[in-house]
Amino acid sequence: MKRIFLLVLSLVAVIGLWGCSQGASKPAEKIEGVPDAVQEDIKIAVIRNLPSDDHTKQFLDGARSEGEAFGFKVDTFISDNDDARFQELVAQAIQKDYDGLIISHGKKDYSYDMLKPAIDKGMKIVTFDTVAEKDGKTLEGITSTAQDDHKLAELSLGEIVKVTDNKPVKVIKLWFGPGIPPLDRRQEIYKKYEDEGKIETLETIGPTNFQNVQGDIAAKVSSILAKYPKGEVDAIWGSWDEMAKGAYKAQKDNNRMDVKLISIDISNQDINFMREDGSSWEATAAVDPRLIGIMNMRLLAKKIAGEETPDTYNLEAHLVKQEDLKADTNMFNLDQVIEGWGKSDDFNEDWMKKLREQYGK
(Lines give C-alpha, C1' and ligand atoms only; values in the text may rest on other atoms or scores of the structure.)
Protein backbone atom coordinates (compact mmCIF):
# COMPACT_ATOMS: atom_id res chain seq x y z
CA MET A 1 0.00 0.00 0.00
CA LYS A 2 2.84 2.38 0.86
CA ARG A 3 4.50 1.68 -2.50
CA ILE A 4 1.25 2.52 -4.32
CA PHE A 5 0.94 5.79 -2.38
CA LEU A 6 4.51 6.79 -3.29
CA LEU A 7 3.84 5.92 -6.94
CA VAL A 8 0.76 8.17 -6.97
CA LEU A 9 2.75 11.02 -5.48
CA SER A 10 5.38 10.60 -8.20
CA LEU A 11 2.76 10.67 -10.94
CA VAL A 12 1.18 13.81 -9.50
CA ALA A 13 4.56 15.50 -9.52
CA VAL A 14 5.16 14.54 -13.15
CA ILE A 15 1.70 15.71 -14.24
CA GLY A 16 2.18 19.00 -12.44
CA LEU A 17 5.31 19.69 -14.48
CA TRP A 18 3.81 18.72 -17.86
CA GLY A 19 3.94 21.43 -20.53
CA CYS A 20 5.97 23.89 -18.45
CA SER A 21 9.55 25.03 -18.89
CA GLN A 22 11.51 24.78 -15.69
CA GLY A 23 14.07 27.53 -16.07
CA ALA A 24 17.43 27.45 -14.35
CA SER A 25 18.03 27.57 -10.62
CA LYS A 26 19.01 31.04 -9.41
CA PRO A 27 22.54 31.58 -8.09
CA ALA A 28 22.91 32.31 -4.39
CA GLU A 29 24.63 35.62 -5.14
CA LYS A 30 23.27 38.40 -7.34
CA ILE A 31 24.87 39.00 -10.73
CA GLU A 32 26.57 42.37 -10.71
CA GLY A 33 25.16 44.87 -13.19
CA VAL A 34 21.84 43.04 -13.60
CA PRO A 35 18.63 44.65 -12.25
CA ASP A 36 17.52 42.93 -9.06
CA ALA A 37 13.94 42.52 -10.32
CA VAL A 38 14.94 40.11 -13.10
CA GLN A 39 17.12 38.05 -10.76
CA GLU A 40 14.07 36.82 -8.86
CA ASP A 41 12.12 33.69 -9.86
CA ILE A 42 10.30 35.11 -12.88
CA LYS A 43 7.37 33.32 -14.52
CA ILE A 44 6.07 34.28 -17.97
CA ALA A 45 2.99 33.09 -19.87
CA VAL A 46 2.97 33.36 -23.67
CA ILE A 47 -0.58 32.99 -25.03
CA ARG A 48 -1.32 32.93 -28.76
CA ASN A 49 -4.69 32.97 -30.48
CA LEU A 50 -3.69 31.08 -33.65
CA PRO A 51 -3.44 27.43 -34.74
CA SER A 52 -0.24 25.47 -34.12
CA ASP A 53 1.31 26.18 -37.53
CA ASP A 54 5.00 26.67 -38.38
CA HIS A 55 4.84 30.42 -37.72
CA THR A 56 3.32 29.86 -34.28
CA LYS A 57 5.86 27.20 -33.35
CA GLN A 58 8.78 29.44 -34.31
CA PHE A 59 7.28 32.45 -32.51
CA LEU A 60 6.83 30.43 -29.33
CA ASP A 61 10.31 28.94 -29.64
CA GLY A 62 11.84 32.41 -29.92
CA ALA A 63 10.00 33.69 -26.86
CA ARG A 64 10.72 30.56 -24.84
CA SER A 65 14.41 30.32 -25.73
CA GLU A 66 15.09 34.00 -24.97
CA GLY A 67 13.15 33.86 -21.71
CA GLU A 68 14.93 30.72 -20.54
CA ALA A 69 18.27 32.30 -21.48
CA PHE A 70 17.37 35.03 -18.97
CA GLY A 71 16.63 32.39 -16.32
CA PHE A 72 12.85 32.84 -16.57
CA LYS A 73 10.29 30.06 -16.41
CA VAL A 74 8.20 30.28 -19.59
CA ASP A 75 4.86 28.55 -20.21
CA THR A 76 3.26 28.67 -23.67
CA PHE A 77 -0.38 28.24 -24.67
CA ILE A 78 -2.31 28.32 -27.98
CA SER A 79 -6.07 28.53 -28.53
CA ASP A 80 -6.44 27.57 -32.24
CA ASN A 81 -8.13 30.89 -33.08
CA ASP A 82 -10.90 30.11 -30.59
CA ASP A 83 -11.61 33.54 -29.08
CA ALA A 84 -13.55 32.17 -26.11
CA ARG A 85 -10.80 29.69 -25.28
CA PHE A 86 -8.17 32.42 -25.73
CA GLN A 87 -9.89 34.76 -23.29
CA GLU A 88 -10.26 31.89 -20.83
CA LEU A 89 -6.53 31.11 -21.04
CA VAL A 90 -5.64 34.76 -20.43
CA ALA A 91 -8.05 34.99 -17.49
CA GLN A 92 -6.51 31.86 -15.96
CA ALA A 93 -3.00 33.25 -16.39
CA ILE A 94 -3.98 36.50 -14.70
CA GLN A 95 -5.26 34.56 -11.69
CA LYS A 96 -1.99 32.66 -11.37
CA ASP A 97 1.35 33.97 -10.17
CA TYR A 98 2.85 35.01 -13.50
CA ASP A 99 5.01 38.13 -13.52
CA GLY A 100 4.40 38.94 -17.16
CA LEU A 101 2.33 38.07 -20.22
CA ILE A 102 3.06 37.98 -23.94
CA ILE A 103 -0.28 38.08 -25.73
CA SER A 104 -0.54 37.28 -29.44
CA HIS A 105 -3.46 37.95 -31.81
CA GLY A 106 -6.13 39.19 -29.45
CA LYS A 107 -9.13 40.78 -31.18
CA LYS A 108 -9.98 44.46 -30.75
CA ASP A 109 -13.53 43.86 -29.57
CA TYR A 110 -12.41 42.16 -26.34
CA SER A 111 -8.66 42.69 -25.74
CA TYR A 112 -8.98 45.87 -23.66
CA ASP A 113 -11.39 44.28 -21.19
CA MET A 114 -9.43 41.02 -21.27
CA LEU A 115 -6.12 42.64 -20.30
CA LYS A 116 -7.31 45.37 -17.91
CA PRO A 117 -7.42 43.01 -14.89
CA ALA A 118 -3.76 42.13 -15.54
CA ILE A 119 -2.76 45.80 -15.65
CA ASP A 120 -4.80 46.49 -12.52
CA LYS A 121 -2.93 43.62 -10.84
CA GLY A 122 0.44 45.13 -11.79
CA MET A 123 1.44 42.49 -14.34
CA LYS A 124 3.77 43.45 -17.18
CA ILE A 125 2.42 42.92 -20.69
CA VAL A 126 3.73 42.92 -24.26
CA THR A 127 1.32 42.18 -27.10
CA PHE A 128 1.84 41.05 -30.67
CA ASP A 129 -0.75 41.77 -33.39
CA THR A 130 -3.26 42.71 -30.70
CA VAL A 131 -5.26 45.93 -30.40
CA ALA A 132 -6.15 46.61 -26.75
CA GLU A 133 -8.25 49.73 -27.29
CA LYS A 134 -11.75 50.71 -26.18
CA ASP A 135 -13.61 53.96 -26.84
CA GLY A 136 -10.35 55.55 -27.96
CA LYS A 137 -8.55 54.54 -24.75
CA THR A 138 -5.54 52.24 -24.45
CA LEU A 139 -4.09 50.49 -21.42
CA GLU A 140 -1.10 52.27 -19.96
CA GLY A 141 2.11 50.28 -19.74
CA ILE A 142 1.51 47.80 -22.56
CA THR A 143 3.95 47.67 -25.48
CA SER A 144 2.19 46.69 -28.69
CA THR A 145 4.42 44.96 -31.25
CA ALA A 146 3.74 44.05 -34.86
CA GLN A 147 5.41 43.13 -38.07
CA ASP A 148 5.61 46.10 -40.42
CA ASP A 149 2.42 44.92 -42.14
CA HIS A 150 2.19 47.86 -44.51
CA LYS A 151 5.70 47.11 -45.74
CA LEU A 152 4.96 43.38 -45.98
CA ALA A 153 1.98 44.17 -48.20
CA GLU A 154 3.95 46.65 -50.30
CA LEU A 155 6.78 44.16 -50.88
CA SER A 156 4.46 41.31 -51.83
CA LEU A 157 2.11 43.40 -53.99
CA GLY A 158 5.11 44.98 -55.66
CA GLU A 159 5.96 41.49 -56.91
CA ILE A 160 2.33 40.83 -57.90
CA VAL A 161 2.27 43.76 -60.32
CA LYS A 162 5.40 42.41 -62.03
CA VAL A 163 3.89 39.07 -63.06
CA THR A 164 2.38 40.52 -66.26
CA ASP A 165 2.65 43.64 -68.39
CA ASN A 166 -1.14 43.73 -68.59
CA LYS A 167 -2.85 46.04 -66.10
CA PRO A 168 -4.70 45.54 -63.92
CA VAL A 169 -3.22 42.23 -62.77
CA LYS A 170 -6.04 39.73 -62.23
CA VAL A 171 -5.75 38.33 -58.71
CA ILE A 172 -7.31 35.66 -56.50
CA LYS A 173 -7.01 37.13 -53.01
CA LEU A 174 -6.51 34.94 -49.93
CA TRP A 175 -7.66 37.03 -46.97
CA PHE A 176 -10.21 37.06 -44.16
CA GLY A 177 -11.55 39.76 -41.89
CA PRO A 178 -12.05 42.44 -40.85
CA GLY A 179 -11.09 42.07 -37.21
CA ILE A 180 -7.61 40.53 -37.57
CA PRO A 181 -5.19 43.45 -36.97
CA PRO A 182 -2.28 42.31 -39.20
CA LEU A 183 -4.59 41.28 -42.04
CA ASP A 184 -6.53 44.52 -41.72
CA ARG A 185 -3.30 46.51 -42.08
CA ARG A 186 -2.30 44.46 -45.13
CA GLN A 187 -5.75 45.05 -46.59
CA GLU A 188 -5.20 48.82 -46.39
CA ILE A 189 -2.31 48.54 -48.87
CA TYR A 190 -4.15 46.01 -51.03
CA LYS A 191 -7.10 48.41 -51.37
CA LYS A 192 -4.70 51.17 -52.39
CA TYR A 193 -3.38 48.98 -55.23
CA GLU A 194 -6.97 48.23 -56.24
CA ASP A 195 -7.95 51.90 -56.18
CA GLU A 196 -4.91 52.79 -58.31
CA GLY A 197 -5.97 50.25 -60.93
CA LYS A 198 -2.89 48.08 -60.50
CA ILE A 199 -4.82 44.94 -59.52
CA GLU A 200 -8.30 43.53 -60.08
CA THR A 201 -9.69 41.10 -57.51
CA LEU A 202 -11.45 38.17 -59.17
CA GLU A 203 -12.22 36.26 -55.96
CA THR A 204 -11.59 36.61 -52.23
CA ILE A 205 -11.14 33.37 -50.30
CA GLY A 206 -10.70 32.84 -46.55
CA PRO A 207 -10.71 29.84 -44.21
CA THR A 208 -13.68 28.61 -42.22
CA ASN A 209 -11.88 25.60 -40.71
CA PHE A 210 -9.03 26.91 -38.57
CA GLN A 211 -8.02 23.40 -37.50
CA ASN A 212 -7.07 22.65 -41.12
CA VAL A 213 -6.46 25.95 -42.90
CA GLN A 214 -4.36 24.41 -45.65
CA GLY A 215 -6.90 21.73 -46.51
CA ASP A 216 -9.80 24.18 -46.34
CA ILE A 217 -8.12 26.69 -48.67
CA ALA A 218 -6.89 23.95 -51.04
CA ALA A 219 -10.46 22.77 -51.59
CA LYS A 220 -11.76 26.30 -52.13
CA VAL A 221 -8.97 27.31 -54.52
CA SER A 222 -9.46 24.09 -56.52
CA SER A 223 -13.10 25.03 -56.98
CA ILE A 224 -12.27 28.60 -57.98
CA LEU A 225 -9.52 27.63 -60.44
CA ALA A 226 -12.02 25.45 -62.30
CA LYS A 227 -14.00 28.62 -63.10
CA TYR A 228 -11.02 30.37 -64.73
CA PRO A 229 -9.25 28.78 -67.71
CA LYS A 230 -5.52 29.35 -68.19
CA GLY A 231 -4.77 32.95 -69.00
CA GLU A 232 -7.70 34.38 -67.02
CA VAL A 233 -5.91 34.53 -63.65
CA ASP A 234 -2.49 36.15 -63.32
CA ALA A 235 -1.67 35.66 -59.65
CA ILE A 236 -2.75 34.48 -56.21
CA TRP A 237 -1.96 36.78 -53.29
CA GLY A 238 -1.72 35.06 -49.93
CA SER A 239 -2.04 37.55 -47.08
CA TRP A 240 -1.04 34.72 -44.68
CA ASP A 241 1.26 31.90 -45.75
CA GLU A 242 -0.85 29.18 -44.14
CA MET A 243 -3.48 30.01 -46.76
CA ALA A 244 -0.85 30.24 -49.49
CA LYS A 245 0.26 26.67 -48.74
CA GLY A 246 -3.28 25.44 -49.38
CA ALA A 247 -3.44 27.41 -52.63
CA TYR A 248 -0.14 25.92 -53.79
CA LYS A 249 -1.38 22.39 -53.14
CA ALA A 250 -4.52 23.18 -55.17
CA GLN A 251 -2.39 24.46 -58.03
CA LYS A 252 -0.34 21.27 -58.02
CA ASP A 253 -3.41 19.05 -57.89
CA ASN A 254 -5.03 20.93 -60.78
CA ASN A 255 -1.90 21.46 -62.90
CA ARG A 256 -2.27 25.23 -62.65
CA MET A 257 1.30 26.44 -62.19
CA ASP A 258 0.50 29.12 -64.78
CA VAL A 259 -0.85 31.26 -61.91
CA LYS A 260 1.92 32.97 -59.94
CA LEU A 261 1.74 32.73 -56.14
CA ILE A 262 3.09 35.49 -53.90
CA SER A 263 2.54 35.60 -50.15
CA ILE A 264 3.29 37.05 -46.74
CA ASP A 265 5.06 35.14 -43.91
CA ILE A 266 7.42 32.20 -44.27
CA SER A 267 8.20 28.73 -42.92
CA ASN A 268 10.32 25.71 -43.87
CA GLN A 269 7.32 24.27 -45.69
CA ASP A 270 7.01 27.48 -47.74
CA ILE A 271 10.70 27.34 -48.63
CA ASN A 272 10.40 23.71 -49.74
CA PHE A 273 7.40 24.53 -51.94
CA MET A 274 9.19 27.52 -53.46
CA ARG A 275 12.19 25.32 -54.37
CA GLU A 276 10.19 22.60 -56.13
CA ASP A 277 10.72 22.19 -59.88
CA GLY A 278 8.30 24.38 -61.79
CA SER A 279 6.99 26.00 -58.60
CA SER A 280 4.59 28.91 -59.05
CA TRP A 281 5.49 30.31 -55.61
CA GLU A 282 7.75 33.16 -56.67
CA ALA A 283 8.18 35.28 -53.55
CA THR A 284 7.06 35.98 -50.01
CA ALA A 285 7.46 39.00 -47.74
CA ALA A 286 8.23 38.11 -44.16
CA VAL A 287 9.69 38.77 -40.74
CA ASP A 288 11.52 35.97 -38.94
CA PRO A 289 8.79 34.60 -36.60
CA ARG A 290 11.41 33.39 -34.13
CA LEU A 291 12.81 36.92 -33.92
CA ILE A 292 9.31 38.24 -33.16
CA GLY A 293 9.16 36.00 -30.09
CA ILE A 294 12.66 37.04 -29.04
CA MET A 295 11.91 40.76 -29.31
CA ASN A 296 8.66 40.41 -27.36
CA MET A 297 10.53 38.66 -24.57
CA ARG A 298 13.28 41.30 -24.47
CA LEU A 299 10.69 44.05 -24.17
CA LEU A 300 8.91 42.16 -21.39
CA ALA A 301 12.20 41.62 -19.55
CA LYS A 302 12.88 45.36 -19.68
CA LYS A 303 9.45 46.06 -18.23
CA ILE A 304 10.05 43.62 -15.38
CA ALA A 305 13.43 45.30 -14.80
CA GLY A 306 11.65 48.64 -14.46
CA GLU A 307 13.21 50.09 -17.60
CA GLU A 308 11.52 52.34 -20.14
CA THR A 309 9.92 50.69 -23.17
CA PRO A 310 8.13 52.16 -26.20
CA ASP A 311 4.35 52.03 -26.61
CA THR A 312 4.72 50.40 -30.04
CA TYR A 313 7.41 48.51 -31.92
CA ASN A 314 7.42 47.25 -35.53
CA LEU A 315 9.76 44.57 -36.85
CA GLU A 316 11.46 45.10 -40.21
CA ALA A 317 10.08 43.24 -43.23
CA HIS A 318 12.13 41.42 -45.90
CA LEU A 319 11.36 40.06 -49.37
CA VAL A 320 12.38 36.44 -50.04
CA LYS A 321 12.43 35.48 -53.72
CA GLN A 322 12.44 32.00 -55.18
CA GLU A 323 15.68 32.84 -56.96
CA ASP A 324 17.36 33.69 -53.63
CA LEU A 325 16.95 30.17 -52.25
CA LYS A 326 19.68 27.54 -52.38
CA ALA A 327 19.30 23.77 -52.15
CA ASP A 328 20.04 23.78 -48.41
CA THR A 329 18.20 26.99 -47.45
CA ASN A 330 15.90 26.71 -44.44
CA MET A 331 14.59 28.91 -41.63
CA PHE A 332 17.78 28.44 -39.63
CA ASN A 333 20.18 29.65 -42.32
CA LEU A 334 17.97 32.04 -44.30
CA ASP A 335 20.21 34.86 -43.05
CA GLN A 336 22.91 33.54 -45.42
CA VAL A 337 20.86 34.56 -48.47
CA ILE A 338 18.69 37.40 -47.05
CA GLU A 339 20.71 40.24 -45.55
CA GLY A 340 19.58 41.22 -42.06
CA TRP A 341 17.26 38.24 -41.68
CA GLY A 342 16.55 37.17 -38.10
CA LYS A 343 18.88 39.74 -36.55
CA SER A 344 18.21 42.71 -34.32
CA ASP A 345 20.17 44.28 -31.49
CA ASP A 346 17.19 46.35 -30.41
CA PHE A 347 16.58 46.22 -26.64
CA ASN A 348 19.52 43.84 -26.20
CA GLU A 349 20.86 45.31 -22.98
CA ASP A 350 24.26 44.52 -21.48
CA TRP A 351 22.58 42.97 -18.45
CA MET A 352 20.71 40.57 -20.75
CA LYS A 353 24.04 39.35 -22.09
CA LYS A 354 25.15 38.67 -18.52
CA LEU A 355 22.00 36.65 -17.88
CA ARG A 356 22.65 34.61 -21.05
CA GLU A 357 26.15 33.84 -19.82
CA GLN A 358 24.62 32.50 -16.60
CA TYR A 359 21.56 30.68 -17.97
CA GLY A 360 21.96 30.34 -21.74
CA LYS A 361 22.46 26.89 -23.16
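Residues numbered from 1 in each chain as written. Predicted model: local features only at pLDDT ≥ 70, side-chain atom pairs only at ≥ 80, totals over all residues. Heavy atoms only, no water.

Q: Could you give an account of empty space enclosed by the protein, with specific residues and numbers?
A: The final tally for this structure, using the stated rule, is 2 cavities of 30 Å³ or more. In this structure, the largest cavity encloses a volume near 130 Å³. In terms of lining residues, the largest cavity is bounded by 14 residues, among which Leu-50, His-105, Pro-182, Trp-240 and Asp-265 are the most central. Counting residues per element, the lining of the largest cavity draws most heavily on helix α6 (residues 181–195), which supplies 3 residues. In terms of residue class, the lining of the largest cavity is built from 6 nonpolar, 3 polar and 5 charged. Of the volumes computed, that of the second largest cavity is approximately 50 Å³. Of the residues that constitute the lining of the second largest cavity, the class distribution is 5 nonpolar, 4 polar and 2 charged. (1 Å grid on protein atoms, 1.4 Å probe; cavity = no way out; pocket = protein on both sides within 12 Å on 5 of 7 lines; lining within 4 Å. Points joined across faces, edges and corners; volume = space filled by probe spheres on them. Helix = DSSP H or I, 4+ residues; strand = E, 2+ residues; numbered from the N terminus. Nonpolar A, V, L, I, M, F, W, Y, C, P; charged D, E, K, R; others polar.)

Q: Summarise the nonpolar core; cite the residues concerned and give the values.
A: Within the largest apolar cluster, 52 residues are counted, with the highest numbers of intra-cluster contacts made by Ile-44, Val-46, Phe-72, Leu-157, Ile-160, Ile-199 and Met-297. In terms of residue count, the dominant contributor to this core is helix α10 (residues 289–304) (9 residues). With near-sequence residues (within four places) excluded, Ile-160 lies in contact with Val-169, Val-171, Ile-199, Ala-235, Ile-236, Trp-237 and Ile-262. (Core = buried A, V, L, I, M, F, W, Y, C linked by side-chain atoms within 4.5 Å. Buried < 20%, exposed > 50% of the residue type's maximum accessible area, 1.4 Å probe, protein only. Contact = heavy atoms within 4.5 Å.)

Q: Explain the pairing of strand β7 (residues 143–147) residue by residue, including any values.
A: Counting buried residues in β7 gives 4 out of 5 residues, a clear majority hidden from the surface. Pairing between strand β4 (residues 124–128) and β7: 3 bridges, direction parallel. Looking across to β7, one finds that Phe-128 is bridged to Thr-145. (Pairing = 2+ DSSP bridges.)

Q: Just give me the short version of the layout of surface pockets, but keep the residues and values in it.
A: In this model, the largest pocket occupies a volume close to 400 Å³. Every residue lining the largest pocket is counted, 22 residues in all, and those nearest its centre are Thr-130, Thr-138, Ser-144, Asp-311 and Thr-312. For the lining of the largest pocket, the elements supplying multiple residues, two or more each, are β7, α5 (149–160) and β13 (312–315). Sort the elements by how many residues they give to the lining of the largest pocket and β7 lands first, with 4 residues. Considering only residue class, the lining of the largest pocket consists of 5 nonpolar, 10 polar and 7 charged. Looking at the second largest pocket, it is lined by 15 residues, and the ones nearest its centre are Gln-58, Asp-288, Arg-290, Met-331 and Phe-332. Top contributing element to the lining of the second largest pocket by residue count: helix α2 (residues 54–69), with 4 residues. Looking at side-chain class alone, the lining of the second largest pocket contains 5 nonpolar, 3 polar and 7 charged residues.

Q: Talk me through the side chain of Arg-48; I want residue IDs and the actual numbers.
A: Looking at where Arg-48 falls in the secondary structure, it is placed in strand β1 (residues 43–48). Engagement of the side chain of Arg-48 in a polar contact is seen with the side chain of His-55, the distance being 3.0 Å. Dropping the residues within four chain positions of it, Arg-48 is found in contact with His-55, Thr-56, Phe-59, Phe-77, Ile-78, Ser-79, Phe-86, Ser-104, His-105 and Phe-128. (Polar contact = N/O pair within 3.5 Å; in protein donor to acceptor, adjacent residues only side chain to side chain.)

Q: An account of the packing of aromatic side chains is requested, with residue identities and associated values reported.
A: For the structure shown, the criterion picks out 10 aromatic pairs. Ring geometry for Phe-176 and Phe-210: centres 5.3 Å apart, planes at 65°, overall edge-to-face. One end of the pair, Phe-176, is in the loop between β8 (169–174) and α6; the other, Phe-210, is in the loop between β9 (199–205) and α7 (213–225), with 34 residues separating them in the sequence. On the accessibility criterion, Phe-210 (17% relative accessible area) is buried. Following the ring pairs from residue to residue traces out a cluster consisting of Phe-176, Phe-210 and Trp-240. The ring centre of Tyr-98 lies 5.0 Å from the NZ or CZ of Lys-43, which sits over that ring. A cation over an aromatic ring shows up here: Lys-198 above the ring of Tyr-193, its NZ or CZ 4.7 Å from the ring centre. (Phe/Tyr/Trp six-rings, centres within 6.5 Å; stacked < 30°, edge-to-face > 60°. Lys NZ or Arg CZ within 6 Å of the ring centre and 35° of its normal.)

Worth remembering: the numbers are spatial, not functional.
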